[in-house]
Amino acid sequence: QQPCECHGPVGDASTGRTIPHFHQSRVPKPKIMDSILDQVGDTPLIRLNKIPAEEGLECEVLAKVEFFNPGGSVKDRIAKRMFEEAERKGIIKPGYTVIEPTSGNTGIGLALCAAVKGYRAIITMPEKMSQEKVDVLKALGAEIVRTPTEAAYDAPESHISVAKRLNEQIPNSVILDQYANPYNPVAHYDTTAEEILEACDGRIDMLVAGAGTGGTITGIAKKIKEVCPNCVVIGVDPHGSILAQPESLNTETSSYQVEGIGYDFIPEALDRSVIDEWYKSNDKESFALARRLIKEEGILSGGSSGTALAGAIHAAKRLGKGQRCVVILPDSVRNYMTKFLNDDWMRKNHFLDDRAKQERVEATA
Ligand code: PMP
């Protein structure tokens, strides 16, 4: 590892602020793995065939399918990297307690590392997040504290504040803090982006990703722009969140059902200067597209994958034949079996689109 004071991917280019960090070269996967953690990364890049054609896109659309990570999401990458760096610096040792506020997937990644490495994990998570995530976390041996979904990030009852309080109370406990930890974006700069560049022979015209902590889009975009300076980066943010720019896009204050993206504050891991444009998404199109990814492309990804694809369909209309759009699909439908995969849940939430209804009518006629 080389100490790096380089600008990217940590810090905001508009302020010039940088945080010292290290870069790691990618290592090929061993033939026999020491543990499941060796399986993190090197996920497939898969061409979408039917959906882009039906939506009238001329460009190629490639999906980076992150549910192939062992915990089932893109967040395994940052969990592993944040753990390794904290161990390297001696901040944590086996037997310590790792506490993390999360929408679930970072929790699963950290609980997976904790199970393999011998740590206690406590996950604080808003009530909105699915029972499926809770059950996986419990099976991995994590302890879970649920917090009110409507609590503002700085309210005493929020998942972030509760984690801080537990950290003060529990000896030898550490919050790795995905919202501000430099190794959140660095993990994507060093691996996810490199994998995409390698698969695309360094030719990418557009990158589309949703933002939660913003680590995924920040890390990938910074590295890709170093190689493809003309690549257009599209951030996707649900209505009800305030991450998008300009501020005038963030008009709605309503809540939304898609999990893992959007916030009521700007996390330090998100550098909005690398994002060229934002697309504001809604639940209905997100879940409709997540279902189409399953039904038409056979890709069993989660709700925020539908959100990212909505942004890609909107933005990639400007690309022509021979151009290439990469879209990040963060997690799996495994997390949402009782939610958008379930027709009753979709109907109750008024998300079943007319096309799905029509198909059912035709099938029963
Ligand atoms: N989708 C899902 C399902 C997630 O769990 C997350 C992580 N919160 C994201 C998207 C966004 O990733 P990031 O935090 O890197 O912006």
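All of these numbers come straight from a predicted model, not from anything done at the bench.

**Concerning the sheet that holds strand β11 (residues 277-281)**
Here is step 1: What the 6 strands build is an open sheet, ordered β3-β4-β12-β9-β10-β11; its pairing is mixed. With one partner strand each, in any of the chains shown, β3 (45-47) and β11 form the two edges of the open sheet. On average, each strand axis in the sheet is tilted by 25° relative to the strand beside it, whichever way the strands run.
Here is step 2: Bridge count between strand β10 (residues 232-238) and β11: 5 bridges; the pairing is parallel. Considered in β11, the bridge of Asp237 is made with Lys280.
Here is step 3: Seen against the sheet, helix α6 (residues 183-199) touches β3, β4 (60-65) and β12 (324-329) and runs at an angle of roughly 140° to β4.

**A short note on unusual backbone geometry**
Here is step 1: Looking along the chain, the bond that leaves Gln245 and enters Pro246 is cis, with omega of -5°.
Here is step 2: Along the chain, Pro246 turns up in the loop between β10 and β11.
Here is step 3: Non-glycine residue Asn172 carries a positive phi angle of around 55°.
Here is step 4: At Asp177, a residue that is not glycine, the phi angle is positive and equals roughly 60°.
Here is step 5: Residue position: Asp177 is located in the loop between β8 (173-175) and α6.
Here is step 6: Using a relative accessible area of 27% as the deciding quantity, one classes Asp177 as partly exposed.

**So, the sheet that holds strand β5 (residues 97-101)**
Here is step 1: The strand order β7-β6-β5-β8 describes an open sheet built from 4 strands, whose pairing is parallel. If you trace the sheet from one side to the other, it starts and ends with β7 (143-147) and β8, each paired once. Going across the sheet, the axis of each strand differs from the next one's by a mean of 20°, ignoring polarity.
Here is step 2: Pairing geometry for β5 and β8, over 3 bridges, is parallel. Pairing of Ile99 across the sheet is with Ile175, part of β8.
Here is step 3: Together, β5, β6 (120-126), β7 and β8 form the strand contacts of helix α5 (residues 159-169), whose direction differs from that of β6 by roughly 155°.

**Some points on the state of the cysteines**
Here is step 1: By the definition in use, this model includes 0 disulfides.
Here is step 2: Cysteine Cys200 remains unbridged, with the sulfur of Cys228 as its closest cysteine sulfur at 8.3 Å.
Here is step 3: Cys231 supplies the cysteine sulfur nearest to Cys228, a cysteine that is in no disulfide, at a spacing of 5.9 Å.

**A look at the packing of helix α2 (residues 75-88) against helix α3 (residues 105-117)**
Here is step 1: Where α2 contacts α3, the two axes come as close as 8 Å, and the packing angle between them is 50°. Classified by the angle their axes make, α2 and α3 are oblique. Pair α2 / α3 crosses with right-handed handedness. Contacts from Lys75, Asp76, Ile78, Ala79, Lys80, Met82, Phe83 and Glu87 of α2 reach α3 at Asn105, Thr106, Gly109, Leu110, Cys113, Ala114 and Lys117.
Here is step 2: Broken down by class, the residue content of the contact of α2 with α3 amounts to 7 nonpolar, 3 polar and 5 charged.

**Some words on the packing of aromatic side chains**
Think of a pair of aromatic rings as described by two things: how far the centres are apart, and how the planes are tilted against each other in angle.
Here is step 1: Tallied over the entire structure, the rule returns 11 aromatic pairs.
Here is step 2: Ring centres of Phe67 and Phe68 lie 4.8 Å apart, and the angle between their planes is 25°; on these two criteria the pair is classed as stacked.
Here is step 3: Note on Phe68: relative accessible area 44%, which makes it partly exposed.
Here is step 4: Relative to Phe351, the ring of Phe287 lies with its centre 5.1 Å away and its plane at 40°, an arrangement referred to as tilted.

**Some remarks on the site of the ligand**
Here is step 1: For the ligand, the set of nearby residues contains 16 residues, the closest of which are Lys75, Gly212, Thr213, Thr216 and Ser304.
Here is step 2: At 3.5 Å from a nitrogen atom of the ligand is found a side-chain nitrogen or oxygen belonging to Ser103.
Here is step 3: One of the side-chain N or O atoms of Asn105 is found 2.8 Å from an oxygen atom in the ligand.
Here is step 4: When the free accessible area of the ligand is taken as 390 Å², the share hidden by the protein chains comes to 98%.
Here is step 5: Classifying every residue of the shell around the ligand gives 4 nonpolar, 9 polar and 3 charged.

**Looking at the pattern of salt bridges**
Here is step 1: Using the criterion set out here, one finds 26 salt bridges in the structure.
Here is step 2: For the salt bridge of Glu54 with Arg292, the shortest nitrogen-to-oxygen distance reads 2.7 Å. Of the two residues, Glu54 sits in helix α1 (residues 50-54) while Arg292 sits in helix α8 (residues 283-297), which places them 238 residues apart along the sequence.
Here is step 3: Among the residues examined, Arg292 registers a relative accessible area of 11% and is labelled buried.
Here is step 4: Note that Arg203 is salt-bridged to Asp205, the shortest N-O span being 3.9 Å.
Here is step 5: With a relative accessible area of 39%, Arg203 lands in the partly exposed category.

**Some points on the pairing of β4**
Here is step 1: The element β4 is extensively covered by neighbouring structure, given that 6 of its 6 residues are classed as buried.
Here is step 2: Relative to β12, β4 runs parallel, the two sharing 6 bridges. In the sheet register, Val65 faces β12, and the bridge partner there is Leu329.

**Some thoughts on the environment of Leu329**
Here is step 1: Residue position: Leu329 is located in strand β12.
Here is step 2: Leu329 gets classed as buried once you look at its relative accessible area, which sits at 0%.
Here is step 3: Taking the C-alpha atoms as reference, Leu329 lies 19 Å from Cys231; in sequence the two are 98 residues apart.
Here is step 4: Discounting residues that sit within four places of it in the chain, Leu329 has contacts with Ala63, Lys64, Val65, Glu66, Phe67, Leu293, Ile299, Ser301 and Ser305.

So, how was this worked out
Residues numbered from 1 in each chain as written. Predicted model: local features only at pLDDT ≥ 70, side-chain atom pairs only at ≥ 80, totals over all residues. Heavy atoms only, no water. Pairing = 2+ DSSP bridges. Helix = DSSP H or I, 4+ residues; strand = E, 2+ residues; numbered from the N terminus. Axes fitted to C-alpha atoms, helices over the stretch in contact; angles between N-to-C directions. Contact = heavy atoms within 4.5 Å. Buried < 20%, exposed > 50% of the residue type's maximum accessible area, 1.4 Å probe, protein only. Disulfide = S-S within 2.5 Å. Parallel < 35°, antiparallel > 145°, perpendicular 65-115°, else oblique. Left-handed = near helix turned anticlockwise from the far one by under 90°. Nonpolar A, V, L, I, M, F, W, Y, C, P; charged D, E, K, R; others polar. Phe/Tyr/Trp six-rings, centres within 6.5 Å; stacked < 30°, edge-to-face > 60°. Near = heavy atom within 4 Å. Polar contact = N/O pair within 3.5 Å; in protein donor to acceptor, adjacent residues only side chain to side chain. Areas by Shrake-Rupley, 256 points an atom, 1.4 Å probe, with all protein chains shown as cover. Salt bridge = Lys/Arg side-chain N within 4 Å of Asp/Glu carboxyl O.

None of this, on its own, says anything about what the molecule does.
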